[in-house]
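As a plain string of letters, each chain reads:
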Amino acid sequence: PSNAAPPPRPGRRRPQRPQRRPSRRSIKMPAVSKGDGMRGLAVFISDIRNCKSKEAEIKRINKELANIRSKFKGDKALDGYSKKKYVCKLLFIFLLGHDIDFGHMEAVNLLSSNKYTEKQIGYLFISVLVNSNSELIRLINNAIKNDLASRNPTFMCLALHCIANVGSREMAEAFAGEIPRILVAGDTMDSVKQSAALCLLRLYKTSPDLVLMGEWTSRVVHLLNDQHMGVVTAAISLITCLSQKNPDEFKTCVSLAVSRLSRIVSSASTDLQDYTYYFVPAPWLSCKLLRLLQCYPPPEDGAVKGRLVECLETILNKAQEPPKSKKVQHSNAKNAILFEAISLIIHYDSEPNLLVRACNQLGQFLQHRETNLRYLALESMCTLASSEFSHEAVKTHIETVINALKTERDVSVRQRAADLLYAMCDRSNAKQIVAEMLSYLETADYSIREEMVLKVAILAEKYAVDYSWYVDTILNLIRIAGDYVSEEVWYRVIQIVINRDDVQGYAAKTVFEALQAPACHENMVKVGGYILGEFGNLIAGDPRSSPLVQFNLLHSKFHLCSVPTRALLLSAYIKFINLFPETKATIQEVLRCDSQIRNSDVELQQRAVEYLKLSSIASTDVLATVLEEMPPFPERESSILAKLKKKKGPGAVSVSDLDEGKRDGGGELNGAGERGPESSVVSTPSPSADLLGLRSAPPVGSAAQGAGSLLVDVFSEAGPLAPASGVNDDGFLRFVCKNNGVLFENQLLQIGIKSEYRQNLGRMYLFYGNKTSVQFVNFTSTVSCPGDLQSHILCTPPVDPLVEGGAQLQQVLNIECLSDFSDAPLLNIRFRYGGALQNLTLKLPLTINKFFQPTEMGSQDFFQRWKQLSLPQQEAQKIFKANHSMDKEVLKAKLLGLGMALLENVDPNPENFVCAGVVQTKAQQVGCLLRLEPNIQAQMYRLTLRSSKDTVSKRLCDLLAEQF
Amino acid sequence: MQFMLLFSRQGKLRLQKWYVPLSDKEKKKITRELVQTVLARKPKMCSFLEWRDLKIVYKRYASLYFCCAIEDQDNELITLEIIHRYVELLDKYFGSVCELDIIFNFEKAYFILDEFLLGGEAQETSKKNVLKAIEQADLLQEVRHNYFL
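Just so it is clear, the model here is predicted, and its values are computed rather than measured.

> Please clarify how the overall build of chain B should be interpreted in this entry.
Of regular secondary structure, chain B possesses 5 helices and 7 strands. Along chain B, helices (α) and strands (β) appear in the sequence β-β-α-β-β-β-α-α-α-β-β-α when read from the amino end. Looking at chain B as a whole, 68% of its 149 residues qualify as buried. As displayed, chain B has an accessible area near 5,700 Å², and 52% of this comes from carbon and sulfur atoms.

> I keep staring at the overall build of chain A and nothing clicks. Help me out?
Along chain A, the regular secondary structure elements total 40 helices and 17 strands. Among the 964 residues that make up chain A, the fraction classed as buried is 56%. Long-range pairs, those at least 24 residues apart, make up 68% of the contacts in chain A between residues at least 6 apart in sequence.

> Could you clarify how one ought to interpret the nonpolar core in this entry?
Soluble globular proteins tend to pack their nonpolar side chains together in the buried interior. In this structure, Ile 144 and Leu 477 of chain A together with Tyr 86 of chain B are the most contacted members of the largest nonpolar core, which totals 283 residues. Look past the residues within four positions of Ile 144 of chain A in its chain and what remains in contact with it is Tyr 123, Ala 159, Cys 162, Ile 163, Met 171 and Phe 175 of chain A. Membership of the second largest hydrophobic core comes to 62 residues, among which are Cys 737, Ile 793, Phe 821 and Ile 848 of chain A.

> Just to check I follow, could you spell out the packing of helix 29 (residues 563-579) of chain A against helix 32 (residues 602-617) of chain A for this structure?
Two packed helices can be described by the angle between their axes and the distance between those axes. Residue and element names in this part refer to chain A. Where helix 29 meets helix 32, the closest approach of the two axes is 10 Å, and the angle between their N-to-C directions is 5 degrees. By the angle class used here, helix 29 and helix 32 are roughly parallel. Residues Val 563, Arg 566, Ala 567, Leu 568, Leu 570, Ser 571, Ile 574 and Ile 577 of helix 29 lie in contact with helix 32, whose contacting residues are Glu 603, Leu 604, Arg 607, Ala 608, Tyr 611, Leu 614 and Ser 615. Taken together, the residues that form the contact of helix 29 with helix 32 break down as 10 nonpolar, 2 polar and 3 charged.

> Hey, could you run me through the packing of helix 18 (residues 371-384) of chain A against helix 2 (residues 76-94) of chain B in this one?
The interhelical angle for the contact between helix 18 of chain A and helix 2 of chain B, taken along N-to-C directions, is 145 degrees, at an axis separation of 11 Å. Contact with helix 18 of chain A, carried on its side by Asn 372, Leu 373, Tyr 375, Leu 376 and Glu 379 of chain A, involves Glu 76, Leu 77 and Leu 80 of chain B of helix 2 of chain B and no other residues of that element. Of the residues contributing to the contact of helix 18 of chain A with helix 2 of chain B, the split by class is 5 nonpolar, 1 polar and 2 charged.

> Honestly, the sheet that holds strand 4 (residues 54-61) of chain B in this entry has me stumped. Any pointers?
Two strands in a sheet stick together by hydrogen bonds in their backbones, pointing the same way (parallel) or opposite ways (antiparallel). Residues and elements named next belong to chain B. Read across the open sheet, the 5 strands follow the order 2-1-5-4-3; overall the sheet is antiparallel. Of all strands in the sheet, those bounded by a partner on one side alone are strand 2 (13-18) and strand 3 (48-51). Along the sheet, successive strands turn relative to each other by an average axial angle of 20 degrees, direction set aside. Relative to strand 4, strand 3 runs antiparallel, the two sharing 4 bridges. Residue pairing for strand 4: Trp 51 is matched across the bridge by Leu 54.

> Teacher, can you tell me more about the confidence of the model for chain B here?
Detailed conclusions should not be drawn from predicted coordinates in areas where pLDDT is low. All names here are of chain B. In this model, chain B carries a mean pLDDT of 90, and residues with pLDDT of at least 70 account for 94%. Every residue in residues 145-149 scores below 50 in pLDDT, and together they form 2 contacts with partners more than four places removed in sequence or on other chains. We note a pTM of 0.67 for the whole complex and an ipTM of 0.95 for its interfaces.

> Just checking my understanding: could you explain the pairing of strand 11 (residues 836-843) of chain A for this structure?
Each regular strand displays side chains that alternate between the two surfaces of the sheet. All names here are of chain A. The buried count for strand 11 comes to 6 of 8 residues, which makes it a mostly enclosed element. Note that strand 3 (residues 727-728) and strand 11 share 2 bridges and pair parallel. For Asn 728, the partnering residue across the bridge sits in strand 11 and is Leu 842. Looking at chain direction, strand 10 (residues 826-833) and strand 11 are connected through 8 bridges and run antiparallel. Along strand 11, the bridge assignment pairs Phe 831 with Gln 838.

> Looking at this structure, I do not really get the interface of chain A and chain B. What am I missing?
In many reports, interface size means the accessible area that the parts give up when they come together. At the interface, 87 residues of chain A touch 73 residues of chain B. Carbon and sulfur atoms supply 56% of the area buried between chain A and chain B, which totals about 6,900 Å² over both sides. Residue Glu 50 of chain B pairs with Arg 416 of chain A through a salt bridge whose shortest N-O separation is 3.0 Å. Applying the counting criterion to the chain A and chain B interface returns 27 residue pairs in polar contact (both at pLDDT 80 or more).

> Is there a simple way to explain the packing of aromatic side chains in this structure?
Each aromatic ring pair is characterised by the separation of its centres together with the angle its planes make. Under the definition given, this model contains 25 aromatic pairs over all chains. Residues Trp 490 of chain A and Tyr 491 of chain A carry aromatic rings whose centres are separated by 4.8 Å and whose planes lie at 75 degrees to one another, so their mutual orientation is edge-to-face. Across the pair, exposure class does not vary: Trp 490 of chain A and Tyr 491 of chain A are buried alike. Among the aromatic side chains, those forming a connected cluster through ring pairs are Phe 44 and Phe 92 of chain A together with Phe 106 of chain B. In this arrangement the basic side chain of Lys 843 of chain A is found over the ring face of Phe 732 of chain A, its NZ or CZ atom lying 5.0 Å from the centre.

> Just to check I follow, could you spell out the environment of Thr 276 of chain A for this structure?
Residue and element names in this part refer to chain A. Inspection of the secondary structure puts Thr 276 in strand 1 (residues 276-277). Accessibility expressed as a relative area gives 15% for Thr 276, which makes it buried. In this structure the C-alpha to C-alpha distance between Thr 276 and Ile 264, which are 12 residues apart in sequence, comes to 10.0 Å.

> Would you mind showing me how to read the sheet that holds strand 10 of chain A here?
The 4 strands lie next to each other as 3-11-10-7 (chain A), forming an open sheet whose pairing is mixed. Strands at the two margins of the open sheet, each flanked by one partner only, are strand 3 and strand 7 (777-784) of chain A.

> Any chance you could explain the side chain of Asn 912 of chain A here in plain terms?
Mapped onto the elements, Asn 912 of chain A comes out in the loop between strand 14 (901-903) and strand 15 (913-920). Once residues within four sequence positions are removed from consideration, Asn 912 of chain A is found in contact with Asp 907, Arg 931, Leu 932, Glu 933 and Pro 934 of chain A.

> Help me understand the pattern of salt bridges, please; the structure alone is not making it clear to me.
All told, the structure shown has 47 salt bridges over all chains when counted by the stated rule. Here Lys 395 of chain A and Glu 392 of chain A are joined by a salt bridge, their closest N and O atoms 3.3 Å apart. Separated by 3 residues within a single helix, Lys 395 of chain A and Glu 392 of chain A lie in helix 19 (residues 391-395), roughly one turn from each other. Residues participating in the shared-partner salt-bridge network are Arg 416, Asp 419, Glu 451 and Lys 455 of chain A together with Glu 50 of chain B.

> Help me understand helix 40 (residues 950-961) of chain A, please; the structure alone is not making it clear to me.
For an α-helix, the turn length of 3.6 residues means that residues three or four places apart are oriented alike. Residue and element names in this part refer to chain A. The terminal C-alpha atoms of helix 40 lie 17 Å apart, and with 12 residues this matches the ideal 16 Å at 1.5 Å per residue to within 8%. When we look at burial in helix 40, the residues that qualify are Val 952, Ser 953, Arg 955, Leu 956, Cys 957, Leu 959, Leu 960 and Ala 961. Buried positions along helix 40 lie against strand 12 (852-854), strand 13 (875-881), helix 39 (888-898), strand 15, strand 16 (925-935) and strand 17 (940-947).

> Would you mind showing me how to read unusual backbone geometry here?
Leave glycine aside and you will find that most residues have negative phi; peptide bonds, for their part, are mostly trans. All names here are of chain A. Of note in the backbone geometry, Gln 759 takes a positive phi value of approximately 50 degrees without being a glycine. Inspection of the secondary structure puts Gln 759 in the loop between strand 5 (749-758) and strand 6 (761-770). Residue classification places Gln 759 among the partly exposed residues on the basis of a relative accessible area of 41%. With phi around 55 degrees, Gln 939 is a residue other than glycine that occupies positive phi space.

> What is the right way to read the side chain of Glu 121 of chain B from this model?
Within the element layout of this structure, Glu 121 of chain B appears in strand 7 (residues 121-122). We classify Glu 121 of chain B as buried; its relative accessible area is 19%. The contacts of Glu 121 of chain B, once residues within four sequence positions are left out, are Leu 198, Leu 201, Lys 205, Ser 237 and Lys 288 of chain A together with Phe 116 of chain B.

> When you look at helix 20 (residues 398-407) of chain A in this model, what are you seeing that I'm missing?
Residue and element names in this part refer to chain A. Among all positions of helix 20, only Ile 398, Val 401, Ile 402, Ala 404 and Leu 405 are buried. For helix 20, the buried positions fall inside an angular range of 155 degrees around the axis, keeping them on one side. In helix 20, the exposed residues that point more than 90 degrees away from the buried face are Glu 399 and Lys 406. Where helix 20 is buried, its residues meet helix 18, helix 19, helix 21 (411-424) and helix 22 (430-441).

> I keep staring at the confidence of the model for chain A and nothing clicks. Help me out?
Residue and element names in this part refer to chain A. A residue-level look at chain A finds 85% of positions with pLDDT of 70 or above and a mean pLDDT of 82. Looking at the elements of chain A, mean pLDDT is at its lowest for helix 37 (residues 701-707), recorded as 34, and at its highest for helix 14 (residues 283-293), recorded as 96. Per-residue pLDDT stays below 50 along residues 1-35; that stretch engages in 81 contacts with residues further than four places along the chain or on separate chains. Across residues 649-725, where pLDDT falls below 50, the model places 144 contacts with residues more than four positions away in sequence or in other chains.

The rules behind each value
- Residues numbered from 1 in each chain as written.
- Chains lettered and ligands numbered in written order.
- Predicted model: local features only at pLDDT ≥ 70, side-chain atom pairs only at ≥ 80, totals over all residues.
- Heavy atoms only, no water.
- Helix = DSSP H or I, 4+ residues; strand = E, 2+ residues; numbered from the N terminus.
- Buried < 20%, exposed > 50% of the residue type's maximum accessible area, 1.4 Å probe, protein only.
- Areas by Shrake-Rupley, 256 points an atom, 1.4 Å probe, with all protein chains shown as cover.
- Contact = heavy atoms within 4.5 Å.
- Core = buried A, V, L, I, M, F, W, Y, C linked by side-chain atoms within 4.5 Å.
- Axes fitted to C-alpha atoms, helices over the stretch in contact; angles between N-to-C directions.
- Parallel < 35°, antiparallel > 145°, perpendicular 65-115°, else oblique.
- Nonpolar A, V, L, I, M, F, W, Y, C, P; charged D, E, K, R; others polar.
- Pairing = 2+ DSSP bridges.
- pLDDT = per-residue confidence, 0-100.
- Buried area = accessible area lost by both parts, 1.4 Å probe.
- Salt bridge = Lys/Arg side-chain N within 4 Å of Asp/Glu carboxyl O.
- Polar contact = N/O pair within 3.5 Å; in protein donor to acceptor, adjacent residues only side chain to side chain.
- Phe/Tyr/Trp six-rings, centres within 6.5 Å; stacked < 30°, edge-to-face > 60°.
- Lys NZ or Arg CZ within 6 Å of the ring centre and 35° of its normal.
- Expected span 1.5 Å × (residues − 1).
- Arc of directions from axis to C-beta.

Okay, here's the thing in structure tokens:
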């Protein structure tokens, strides 16, 4: 490469010291340079370089290690020079990749040498080789402490470099208090200040809790004004890092940074002397200043802001000026500032004029001959595309970007081009972009195919105006890059086809055609099997795709497919029997053959057996019910988008978020929202998991619930059925007899409850624990009282919108019971996790017994009241089998948890339990008596509730029957 | 900056500087992976690449590759010039530097780097100032030598 620095030339001669340079043939050893050479070290390094094999090298190293070890262990005290030489050899051996397990003590000894060169080698060894938990750390810290106190700037710098290089917690503990003092002390030398600033930065990064803000912080900010450019350059990195964590404390840095920047930008290239780099004034400092400003919003002070805008304009203007040098260093330094300025403009996102100028500038770079600039321009434009001010300007470069995708020779540049196309996509150019991405996929590098597939799938879904285009696109995806089409993608096309009846016929026709190809991808078979099983009837009128033709086509693929696909096909077959009675005999034949009904895979065998049975014993009506068309999927957020976000990390697909705000309802493919009331489901990170029921029940899930008991016989061995309704009440019954515990838990979230009740009032504390390391965005939790429940209960909640990774959020519900009630309030929780919307509805464990006031009474009293409550509607009774332990103490604990008084010596039968209590509501008080009669032999209970209100007796009886 | 590696065309590591705490095992793994990745790239390719969640900036000078790992918000072009400035510093100090100088005087290469970059950030970008600091240190050594020998 043509660089300004003379490229190092291997083997060039150095005439000034020829005598120390042995001939290249024998030992390759350059002249030992200035300062203090270690001849023994040079010889050793030459030896190593002359080793012909790895074995020879190891042998030589072991010999040397033995030698050093014996020297260190020897009786004769080594002088400083030898110690230094051996420590240096050890370091060299370590850097070659070998382990070193001794010499640390000698290195530590060197630290306290008063000879600079020995100290320096000691520190180098420590920096490279000592890990934080070393026992020597105390000795090392001691040596550092002495050097810091020495007031010798060279020694102080060495010590500071060592702290910065090691950066361990122990060092932070020892020095985090001292270094700020050194940094801001008036008499500290500039070079020491520079080291101190960056040393402190390193400590702050490793142990932020140990670096305490204080009086020094304001003085650090003023280092931005320091005369010495090097001090500013070092200090600003520290200030930037501290500002990110404590923006308020450091906000005065904004105006200081702007004026410093302004001075640099307007200076002539020679003004800054050695801080000018290839005619560019202070490029590193400029970049750091622009970076610091990105920690803050645009300056509020009009004058400061005006000055800053002026700077940014000057930087943009300079980009148009002819270069002052042809050297790449000149243009790199200049453009580094330009890109940093553009980042700041994008960060502010408030100056349309600057945004458009930035975009035009990047547009020029898109065609630059330097690959590096093209790469950066593509990358930077991606963020510009998400600004409403520059989105249109970015779009004008579409042809150039498409061209880059096609012609760039470097895959990393092509990847950037693909990212940018994705970012600039909207309804107006979606068809063109999707088509280009599809055609690129045919030759795309394997490393980026999966991501490309996801992107195409997302764009196709998001911007589809007609669904046939969407279906075509996805089937093309499968055709072109079937191996890279993840489950999410083909699940999604099925969800959408199921949810949109206007595309079902087209989808059936298209998959049918796609399946004609002699070799088609297994994912195509899956989609085809599923869609024909649901909607094959829509094309069955055409003799070319008659039911039997469809079946034979599908079945021709069967034997080449994996087990899950075959399972899916079997389900499609049973659906065929329902759709097309004329195929029944053929399909039963297939199911009956040994390879199905005796398949070694248990899932396949089970399906074959059950489907065969179902088709032979169930009436047409039953079949029609069981095998009904799938109901629409309730999920709203694309799981593919979630997957892409997960792949790229949060924030990577910000563009689509922006669009989500803008898009109109008409283009939304997943029509669940339009199709019925907003349903709430528990969406785990892979919401499609039960889509086809491959691993749980046969895909008759939700239809089966409607068919009720008719199916019980046929499917008595089948797995659990998919939950039909979205409300999760798993935890609900566990809280009837207790007030505290975990209500719900999945991979992301844990919800705990603590509650207390008095009279007709209650307070419930809900604890939302984020089990992930990522923050939940837009976290809302709302409590609703369905039906007329709100006239019985009052709940008042508020909640913060963020639940940070690993953090817990608490919500307090104040509850007032107005009158008795049976239903429970619903708790709805929504948040975004890694982009995917999570929606969860739980039954809040709030039951009427929580408002019990226990009533103590004697036997006589009890039975007297018992008799008073003898109207048939006042009593509720259940006889049921024991589900839990019948141990007396367990039962007692549960009854006590219920909230009534447990009355001893009341019932003549000591095995029985009786309780009394009054339900407190605002409207009235309801007296209640309870009698529980266990029958240990039969493992049964009889539970009787009597109260002055029929609804209360009934509700309590229902709740309690589940508890024992 | 998270780390800087210098390695030869043959994949031999010549200098490594880590600004984040990593175990030796991780360091070796990263080095192996990156050396392979960078050596596999063709000459006219872009100097930047995404690697794990870092950005790699590299440049070849004669037989040596200089390779820096920076974070997402860091500036690629200025990092390229950090590399160049370091090469200039080495060049000035050794007087037309070559790979052999760095092998035989690795400790000097580290000292120069520490004066220029500290904790992964530019500490002193003035070539004069960096070299002045190094030369002063060398002077201390010469003085000691003359004094003691």
